[in-house]
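# Examining the three-dimensional arrangement
Below are the chains, spelled out letter by letter.
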Amino acid sequence: MFSPFYLNMKEFLVVLLAFVALSAFAQDETMGTLKGKVTDTDGEVLIGAAIVYKGDVTIGALTDLDGNYTIDLPVGDVRVVCRYTGMVTDTIDLTIIKGNTLTRDIVLKPFVDPDVKELDDVTVRVGKFDKPFEDQTVSMEILKPELIENKNTRSIETALDQTPGLNILDGEPQIRGGSGFTFGVGSKVAVIVDDMPMLSGDAGRPEWGFIPVENIHQVEVTKGAASVLSGSSALSGSIHIRTAYPGLKPKTKVNVYTGLYSNPGVEGATWWTGVPLISGANFLHTRRAGQWDIVLGGNVNYDHGYLGPPVTDPGIVDTVSNFTEQQMSMQRVRANFNLRRRSKKYSGLNYGVNGNVMFSQSNLTFAWLNDSSGLYQGYPGAVFLQDQFIFNVDPFVNLFTKASGKHSFRARLLYTDNELTANQSNQSEVYYGDYMFKKSYESLNDLDFIGGVTSTFTNSFANLYAGGGSPNNQLLNISAYSQLEKKVRQTLNLSVGGRLEYFQMNDTVTALQPIFRAGASIKLYQETYLRGSYGQGYRFPTITERYIRTGVGNFGVFPNPDLQPESSWNAEVGIKQGLKFGELFGYLDVAAFWQEYDNTIEYLFGFWGSDPTDPSNTYGFQFMNTGESRVLGIDLSFSGKAKLGKNAELTFITGYNYILPKTLTPDEVYATDILGREYSYNSTSLDSTDGILKYRFLHNVKMDAEVVIHKKFAIGASARYFSKILNLDQVIEEFETSTTPPFIQNIRYMDYFNNNRNGNWIFDARMSYQISETHKIAVISSNIMNRVYSLRPLKIEAPRTIMLQYTYKLDKNKK
C-alpha cells in the first residue's frame, strides 16, 4: 500500500508540491471571468471604480485608466457590486460558466439612492497602496467623519482620543504606551495630512487646531513602528488624516455651535466671574467647475477656557504670569482651500495647490495652582500666553499612466510664528518635498511597488533654543523609501519595505540609519484574516529637545546637545474576524504585540542648573536618553452595525488595550545632577518595584455607540477608561517639599496623587434630530458626570461641557 510516510524527505516534498499544484489547477478550473467597462450616464469612464464579489469580499477589481476591469469569479450564479464615490452602488446578478469570459459594461448613476445599502466594509480602503482594510498587515483603526461631526469636534485630537489604543494627553499622541508625557514635544507618533507631515519643524509638536476638521474623509491610525512609509516620527505609530475632494455635485455644509463649561465639582474651584462660553462655526463648500475641483473651508472658535490665571500667596510677586480672566481665553480663525485641475489634454494628469492659514490666541498652562481649590488655575510662572500665526502652501502634481504607473510630487512651505510672553517666542519655516512612484507590475503577477525620496529642511529662530550656542538652528532630513506588496491567489498578502534616513543638524551633528519592515496577512476562512508584522522605528531629536534653554518663574528648562536618536522595533500578530449575530454585523480584532525601545528620550525633572541660588537655573526639566525599555500588550476592538427592528440602526466601536511597559536597564546611570546625585530608573522612580515605566496607563478602554431611529432621531454615548498611574518621577515629590514660602510659592501634587488612584471613567453623551435633509440640531455633552480627574501630573482635565449644535448641509450628491 502506498503511503507518503515511507518516502524519503526529497520524495515527499515532490509529492507535496505536485499535490499543491494540482489543487491550484483544480481551483482555477472552477473559475470564470467577468470583464467590462464602467462609465457614468454621460459616458465618462470612471477610474478606480470597485467591482466586488459579494460572496467573498476579498475577490475584487478596480477599473483602470480606461474604465476597464477584469475579475475572476467562481462558476454558477453570483452577485457582484460596483461602487464609485458619489454614484449609486449597482448590484448585478450573473451566471458564470467555467472557463468562459462574460462581458458586462456597467453604467452608474450620479446620485446616491438612500434606499440602496452600501457595503461599508467593502469601500474602506487604506494605506499608501489604497488596499482594502482586510489586506493590511499591521493593526489599524479607522475613524469615520460621522463621529467627528457628531461629537462637535472643534479640534481633531478630541475625536482621536476615542480611538482604541490611542491616547491624546495634553496634546501629545501616545500609542500603546510608547511614551510618557513631554508636553507634546518630540512626538513619537507621526501626524500626517494627505501624505504630508503635520508636526512643527522645531519641536515636533502636532498642530491639532490647524487641521481642517470640517473636511475629513477618514482617519487611519496605525499602531506599532511605522517609520518605513510614515517617516522618522512614527516610532510607535502614525495618524494619517485624509481630506475629501468634491463629488460630482456641489456640497455645502455650515456648522454653528455654542455652549459652556459647568462649574467644577470641587468646592471653591470656580474662578470665573462671567459665563464660561464656548462658541464658533465651521463651513465647507466643495464643487467641480469644469476640470477644476474646488474645496473651501474654515473655522472660527472662541473658548473662554476652564483654566484660570495664577494667584499668588501673600509675599509672592509674579511678574511673569499676572494675567486677567479675559487674557486666558482662546480664539482661533482658520481658512483653507484645495484646488485641483484634471487635465483634459493629458489623460491621468492632475495638479493643484492646497493651502491653510490660521491666527490663534491661547494659553499654555504647565502646572496647577494647588491640589484643592486651585486645581483649575495656573501656578505663578508656569502660564504663558501665545499668539500664533501659521500657514502652509502645498503645490502638487500627479500623473497616472497605464504603462508607467503613478508619479506623484508634493511640496510644502509651513511657516509658524509663535509670539509668547516672557520672551518665549519662536519662529520656524519647514520646506518639504516628496516624490513617490507607485506601480502594479502585471508581468510579475501584479506585484505592487511604492518608492520615493523625501526631504525636509527646518530653519528655526528662537532665543530659547540658544542652548547650542546660537538662536538660529537648522535641521535637514533626507530619506529614500520603498515597499513591495504581493497578493497571492486572493488569499495571502505579503509586504516588505525599507527606508534610509539621513539627518544633519547645524552642519555638525549627522546620522545615517536604515530601517526595515515586513508583514503578511492571510484569509483563513470566510471573514477570518490572520496577520503578522515586524517593523523598525527611528527618531532623531528635535531642535527643541537638544537646544532649549529657558528660565521663567520657578522653573528652568535645560539643553542637552548630546541627546542621541531613539529607535524601536515592533512585532505583532493579530486576527480579524467578521461576526454576524442576527441583524448585527461587525469585526472583532485581537492583536498581541511586543515593542522595544533603545535610547528612549524622556522629559525629566531634576536639578540640572548651575546656580543653586536661582530657582530657574537650578531645577527644572531636561530631555535625556534613559536606556532601554519594552512594552508588551494586547489590543482588542469590536466595531460594526446592527438593525434594531425596522426603523432603528446601531453603530458602535469598542476597544480595550492592555500594556506591560517595563524598563530593561533599571540600574543604568544616565545623568548626574548639580548635587552629585546619579539618575537611573531605580533612583528616579516613585515606585520601582515592578520596573513599570513612568506615566503609563496599563489598562485603557474606549467605547462609542449611536442609535438612529427613523433616520431622524439619534442618541449616542462615549466612554473612556484610564487605569491609575503606577509610577512617576520621584523628584516631583521632592520638589513639592522644596517649594517653601515665602521665597517660592508651595506647589502641591502628592496628596492628590495618593488620594486619586482608582482609575477614571469619563462619559460623553449626545442627541440629535434631523429636521430635514438639510437641517439638523444636536445637544452634545462631554464629561457628562462632571468628573474631576487628572491624566498627567499637575494638570486637571476639563469639567463638563454642554453644547448646542446646528448643522446646515446641502449635498446634491445625495439626492
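Refer to the structure presented above.
Rules used in this analysis
Residues numbered from 1 in each chain as written. Predicted model: local features only at pLDDT ≥ 70, side-chain atom pairs only at ≥ 80, totals over all residues. Heavy atoms only, no water. Helix = DSSP H or I, 4+ residues; strand = E, 2+ residues; numbered from the N terminus. Rg over C-alpha atoms; globule rule 2.2 N^0.38 Å. Contact = heavy atoms within 4.5 Å. Areas by Shrake-Rupley, 256 points an atom, 1.4 Å probe, with all protein chains shown as cover. Lys, Arg positive; Asp, Glu negative; His and termini not counted. Charge placed at Lys NZ, Arg CZ, Asp CG, Glu CD. Salt bridge = Lys/Arg side-chain N within 4 Å of Asp/Glu carboxyl O. Buried < 20%, exposed > 50% of the residue type's maximum accessible area, 1.4 Å probe, protein only. Polar contact = N/O pair within 3.5 Å; in protein donor to acceptor, adjacent residues only side chain to side chain. Pairing = 2+ DSSP bridges. Phe/Tyr/Trp six-rings, centres within 6.5 Å; stacked < 30°, edge-to-face > 60°. Lys NZ or Arg CZ within 6 Å of the ring centre and 35° of its normal. Patch = residues over 30% accessible without salt bridge, like charges linked within 9 Å, V, L, I, M, F, W, Y side chains within 5 Å. 1 Å grid on protein atoms, 1.4 Å probe; cavity = no way out; pocket = protein on both sides within 12 Å on 5 of 7 lines; lining within 4 Å. Points joined across faces, edges and corners; volume = space filled by probe spheres on them. Nonpolar A, V, L, I, M, F, W, Y, C, P; charged D, E, K, R; others polar. Core = buried A, V, L, I, M, F, W, Y, C linked by side-chain atoms within 4.5 Å. Axes fitted to C-alpha atoms, helices over the stretch in contact; angles between N-to-C directions.

## Description of the overall build of the protein
Along its length, the protein carries nine helices and 45 strands. Radius of gyration (C-alpha) of the protein: 28 Å, near the 28 Å computed for a compact globule of 815 residues. Its C-alpha atoms give the protein principal-axis dimensions of about 90 × 70 × 50 Å. A separation of at least 24 residues holds for 66% of the contacts in the protein among residues at least 6 apart in sequence. As displayed, the protein has an accessible area near 34,400 Å², and 58% of this comes from carbon and sulfur atoms. Positive and negative charge centroids in the protein, built from 76 and 86 side chains respectively, lie 8 Å apart.

## A word on the pattern of salt bridges
Taken as a whole and assessed by the stated rule, the structure comprises 35 salt bridges. The partner of Arg696 in a salt bridge is Glu602, and the shortest N-O contact between them spans 3.5 Å. In this pair, Arg696 is assigned in the loop between helix 7 (681-684) and strand 41 (699-709) and Glu602 in strand 35 (residues 601-606), connecting sequence segments 94 residues apart. Like Glu602, Arg696 is buried.

## Concerning the side chain of Asn356
Inspection of the secondary structure puts Asn356 in strand 22 (residues 349-365). On the basis of relative accessible area, Asn356 is assigned to the buried category, the value being 7%. Within the structure, the side chain of Asn356 is placed 2.7 Å from the backbone oxygen of Phe210, a separation counted as a polar contact. Filtering out sequence-adjacent residues up to four positions away, Asn356 remains in contact with Phe210, Pro212, Arg334, Ala335, Asn336, Ile390, Phe391 and Asn392.

## Description of the sheet that holds strand 17 (residues 237-243)
If you trace the five strands from one edge of the open sheet to the other, you get 11-16-17-14-15, paired in mixed fashion. Across the chains shown, the open sheet's two edge strands, defined by having one partner strand only, are strand 11 (139-143) and strand 15 (196-197). With seven bridges joining them, strand 16 (residues 216-223) and strand 17 adopt antiparallel strand pairing. Within strand 17, the residue paired with Gln218 across the bridge is Arg242.

## Observations concerning the packing of aromatic side chains
With the rule as written, the count across this model stands at 24 aromatic pairs. An angle of 75 degrees between the planes, with centres 5.4 Å apart, marks the rings of Trp271 and Trp272 as edge-to-face. By the burial criterion, Trp271 is buried, and Trp272 matches it. Aromatic rings pair up to connect Phe359, Phe389, Phe391 and Tyr415 into one cluster. We note Arg340 situated over the ring of Tyr245; from NZ or CZ to the ring centre the distance is 3.9 Å. The positively charged end of Arg410 is found above the aromatic ring belonging to Phe396, 5.6 Å away from the centroid.

## A look at a nonpolar patch on the surface
Taken together, Ile522, Leu524, Tyr525, Leu530, Val573, Ile575, Leu588, Val590, Ile634 and Leu636 make up a surface patch of nonpolar side chains, about 770 Å² in accessible area. Here Leu588 lies in strand 34 (residues 584-598).

## Some points on the environment of Trp208
Inspection of the secondary structure assignment puts Trp208 in the loop between strand 15 and strand 16. Given a relative accessible area of 5%, Trp208 falls into the buried group. For the pair Trp208 and Asn599, spaced 391 residues apart in the sequence, the C-alpha separation amounts to 28 Å. Residue contacts for Trp208: discarding those within four places in its chain leaves Ser155, Ile156, Glu157, Leu160, Ile168, Gly171, Pro173, Val191 and Ile239.

## A word on the layout of surface pockets
Here the second largest pocket defines a volume of roughly 230 Å³. If you trace the second largest pocket, you find 19 residues lining it, with Tyr752, Asn756, Arg757, Asn760 and Ser790 closest to the centre. Among the residues forming the lining of the second largest pocket, the class breakdown is nine nonpolar, six polar and four charged.

## Comments concerning the side chain of Thr663
Within the fold, Thr663 resides in strand 38 (residues 648-663). A relative accessible area of 12% means that Thr663 is categorised as buried. From its side chain, Thr663 meets the backbone nitrogen of Thr665 in a polar contact 3.2 Å long. Apart from residues no more than four positions distant in its own chain, Thr663 is found in contact with Glu628, Ser629, Tyr681, Gly691 and Leu693.

## Concerning the environment of Ile515
Topologically, Ile515 is positioned in strand 29 (residues 509-525). When the C-alpha positions of Ile515 and Ala591 are compared, they lie 23 Å apart, and in sequence the two are 76 residues distant. In this structure Ile515 touches Ser227, Val228, Gly497, Gly498, Arg499, Gln536 and Tyr538, once residues within four positions along its chain are discounted.

## Focus on the nonpolar core
For soluble globular proteins, nonpolar side chains are generally found buried alongside one another. Judged by nonpolar contacts, the single largest core of 70 residues is most densely connected at Tyr376, Tyr749 and Ile796. Top contributing element to this core by residue count: strand 35, with four residues. If we ignore the near neighbours within four places in the chain, the residues touching Ile796 are Tyr306, Leu307, Trp368, Leu375, Tyr376, Tyr752, Val788, Tyr789 and Ser790. Leu166, Ile216, Val219 and Leu414 belong to the second-largest nonpolar core, a separate cluster that totals 27 residues.

## Thoughts on the pairing of strand 25 (residues 426-441)
Within strand 25, 12 of the 16 residues are buried, which leaves it mostly tucked inside the rest of the structure. Once strand 24 (residues 405-420) ends, the chain turns through five residues before running back antiparallel as strand 25, passing Ala422 with a positive phi of about 60 degrees. Note: strand 25 against strand 26 (residues 447-461), 15 bridges, orientation antiparallel. Bridge assignment links Val430 to a residue of strand 26, and that residue is Thr458.

## Some remarks on the pairing of strand 19 (residues 277-289)
Moving residue by residue along a regular strand, the side chains alternate between the two faces of the sheet. Pairing analysis gives 10 bridges linking strand 18 (residues 251-261) to strand 19, with the strands arranged antiparallel. Paired with Lys251 across the two strands is Thr286, which belongs to strand 19. Note: strand 19 against strand 20 (residues 292-303), 12 bridges, orientation antiparallel. Bridging from a neighbouring strand, Ala289 pairs with Trp292 of strand 20. Linking two consecutive strands that pair antiparallel, namely strand 19 and strand 20, is a turn of two residues; a positive phi of about 65 degrees is found at Gly290 within it.

## Side note on the sheet that holds strand 5 (residues 76-83)
Pairing is antiparallel across the open sheet formed by four strands, whose spatial order is 3-2-5-6. The sheet is open, and its two edges are formed by strand 3 (60-62) and strand 6 (90-96), each paired on a single side. Strand-to-strand, the axes of this sheet are offset by a mean angle of 20 degrees, without reference to chain direction. Direction of pairing for strand 5 relative to strand 6: antiparallel, over a ladder of seven bridges. In the strand pairing of strand 6, Arg79 is matched with Asp93.

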